[in-house]
Amino acid sequence: MSSHDLVIRNGTVVDGTGMPARPADVALSNGRIVAIGRVDGRGAREIDAHGHIVTPGFIDGHTHLDAQMFWDPLGTSSCWHGVTTVVTGNCGFTLAPSRSGQRELVIDNLEKAEDIPAEALAAGVRFGWETFREYLDVVERLPKGINVAANIGHSALRTYAMGLRAFEELATPDDLVAMERELRDGLAAGAVGFTTSRSEHHTTPAGRPVASRVAAWDEIEHLVSTMGAAGGGLFELANESVMASTDAPARAESMSRLRALAVSTGVPTTFGISTFGDPQRWQELLRLLDDAALDGGQLWGQTSCQASGALFNFATWLPFDQIPAWTEVRGLPLTVQAQALRDPDVRARLVAAVGQGDFRLGKEVATKPIFERIVVLRAQRDAPTLARVAADRGVHPVEAMIDLGLESGFATFFLQVTSNDNLNDVQQILEHPRTVMTFSDAGAHVSQIMNASLATHLLSSWVRERQVFTIEQAVRMLTLVPSTLWGFSDRGLVREGFVADLNVIDPVAVGARLPEVAHDFPAGATRLTQRASGMLATIVGGQVVLDNGEHTGALPGALIRRRRG
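Residues numbered from 1 in each chain as written. Predicted model: local features only at pLDDT ≥ 70, side-chain atom pairs only at ≥ 80, totals over all residues. Heavy atoms only, no water.

Chemist: Could you clarify how one ought to interpret the overall build of the chain in this entry?
Modeler: Within the chain, the secondary structure is distributed over 18 helices and 26 strands. Here the C-alpha atoms of the chain give a radius of gyration of 24 Å, agreeing with the 24 Å that 2.2 N^0.38 yields for 565 residues. C-alpha extents for the chain along the principal axes are approximately 75 × 60 × 45 Å. Residues counted as buried form 60% of the 565 residues belonging to the chain. (Helix = DSSP H or I, 4+ residues; strand = E, 2+ residues; numbered from the N terminus. Rg over C-alpha atoms; globule rule 2.2 N^0.38 Å. Buried < 20%, exposed > 50% of the residue type's maximum accessible area, 1.4 Å probe, protein only.)

Chemist: Just checking my understanding: could you explain unusual backbone geometry for this structure?
Modeler: Glycine aside, the phi torsion of most residues is negative, and most peptide linkages are trans. Residue Thr76 is joined to Ser77 through a cis peptide bond whose omega torsion reads 15 degrees. Residue placement: Ser77 occurs in the loop between strand E6 (58-60) and strand E7 (83-88). Cis geometry marks the peptide bond from Ala96 to Pro97, where omega comes out at 0 degrees. Mapping Pro97 onto the fold places it in the loop between E7 and helix H1 (103-114).

Chemist: Before we go on, may I ask you to explain the pattern of salt bridges in this structure?
Modeler: If charged atoms from side chains of opposite charge come close, those side chains can pair. The final tally for this structure, using the stated rule, is 31 salt bridges. For the salt bridge of Asp40 with Arg38, the shortest nitrogen-to-oxygen distance reads 3.3 Å. Here Asp40 matches Arg38 in class, with each residue exposed. A salt bridge links Glu219 to Arg158, with the nearest nitrogen and oxygen atoms 2.9 Å apart. Separated by 61 residues along the polypeptide, Glu219 in helix H7 (residues 217-229) and Arg158 in helix H4 (residues 154-162) bring together distant segments of the chain. For the pair shown, Glu219 and Arg158 are each scored as buried. Each member of the salt-bridge network shares a partner with another, and the members are Arg32, Asp490, Arg491, Asp501 and Arg563. (Salt bridge = Lys/Arg side-chain N within 4 Å of Asp/Glu carboxyl O.)

Chemist: When you look at the state of the cysteines in this model, what are you seeing that I'm missing?
Modeler: A covalent bond between the sulfur atoms of two cysteines is what we call a disulfide. Under the criterion given, the structure shown has zero disulfides. As a non-bridged cysteine, Cys91 has Cys305 as the owner of its nearest cysteine sulfur, 18 Å distant. The exposure class assigned to Cys91 is buried, which follows from its relative accessible area of 5%. The structure places no disulfide on Cys305, whose sulfur is separated from the nearest cysteine sulfur, that of Cys79, by 18 Å. Owing to a relative accessible area of 2%, Cys305 belongs among the buried residues under this scheme. (Disulfide = S-S within 2.5 Å.)

Okay, here's the thing in C-alpha cells:
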C-alpha cells in the first residue's frame, strides 16, 4: 500500500526562499506537501526527478485570463511555462459586476484590450451573475487546471453603477455609494484587490475611453480608501499616460498623487515599470517606490524580463497592412499572397509604398520605418534585427521580411520592440527590492503579444545563458515574491503544509519555444500561443496537470479567495 499520493524523487529542491538548492525527495498527500528530504514511503505515483529541479508553482499576478478561463481551463499559454496560479481582473477590466441586460457594456470595456472579438466573447462566456460575489461563485465551479484569484475592475464597477453614463460622466454621490457597496461586498466575498486604468491606450472598439478613464482622481481615492477600510487588498493600476510623457512637471504631479494615495490609505499599490521611452522616466518610477516607502506607503513595480512590443507575421498582421498597396495584397488568401510576393514588380511596389504612408508601430503610428527595432525571432538565442538581416542579404528590409516569410511558409515572427530592449536597464529594474517580475499580460492583446513565457525566459536567458541571477534567486522572483504581495500565505514555497503546487524542470533544457498562430478561441478567433521545453511536470493541488507539457486530464485548480484580516 502506498504511503503518499505522489512522491518526487532524486530531485534538487529550489524551495522559493532564495536559500541554496539541496537534494531531496518531496512527498504529497491530499493536495499538500507532507514531507521534504528522504522519503521512505512509496507514492501511488512517483516521478524520478534526477537531473531536475523541483520548484514551487510559478505565480503570475498580472493576467487578463478572465474570459479565456471559461473555455480554456488550463489557462494556456501560461500553464506551459510552469504557472500554477494567475491573478485576473487587472487594469480595471473584469466580467463582473454586470447587470442583466447590460452585458455589452462589460464587453465594450474589455474587447479591445483583450483583443478578443465580441462574437467570440459572446460565444465563450455564458453570463450567470450580476454581482462580483455571484461571479466568484461561478468561477469557483468552473473546471480549472490552474488556480485563479480575481480582482474587481473599476470599469465594470462603474458600468454596474452608472450604465452608459459611465463612459461619459463623473460619478454622483449616489453613484459612489453604489460602487462602494459593491466593492465592499466583492472584497468580502474574496476578491484579492481593486484595479483601474488611467492609460490613454485603453479604449473601446469605438475609440472612446474605457469607463475607468472617465473617473476623476477623487473617485479612485474614495474607492481605494474604501478597500483599505474594508480590510485591505491590493490596488493595481495601468499608469496614467502622463507618467510616460515628456512633460516633466505633469509626470511629477501624477507620481506625487499616487504616492500620497498609497501613504494615506495604507493600501499596497502596484503598477507596471518598463524601459519605455526616456530612461529618466523608469528611473523616476523606481525612485517613487523608494520615496513612498520612506513615508510609510507601499508602492510596488510590476516588471518583465523580456523585450516588450508587438508580435506579428504574415499569418496575423503586418505594420504595413493599412497602406493601400499592401492592403490589396494582404486581402488575398495566403497561398495567393505567396505567389504575388514572388513577383518582382509587386515586391518593388510594396517596398516603395512603405516609405509613402503611415504604418502601425505597435500601439503607435509612425511615418518612418524603424527596422533597427524590429527583431526576427529564431529558435537559437540570437535574435537579429530586420535591419541586420537585410544588410547581410544585401536587400531592402521590406524585401528581407518578405523573403523570411516566404522561406518559412509565413511562420517567421517579427517583434517590433517598444521597451525592455536594453538588458542592463532591465536588470536594474529586476534587481530593485520593490519590484515584482510578474507582468505577462497573458490573455490580453492575444493576437499581438506573447509574454506568458516570462518564467521560462528568466530561467533560460537570465540564469543559464547570461548567469545574471542564480537559480535560487530566479525561482524566488517567480514564487515567494508574488505570493507575498498578493497574500497567498500557503503557496510559493516548497514547505511542509503548503499547497502542493510544484514544477519539475530540467535546468539545462528549459526555455520558451517559438510562438505559433492558433484559431482555437470561440467563433474561430485567432490568438498567439507559445509552448516551453524542459518542463517535466507541473503539479497543481498535488495532481500532475502537465506531463512533459501535455495535459493529463486532471483539473484540480481552485479559486483562491482572499482572507480578510
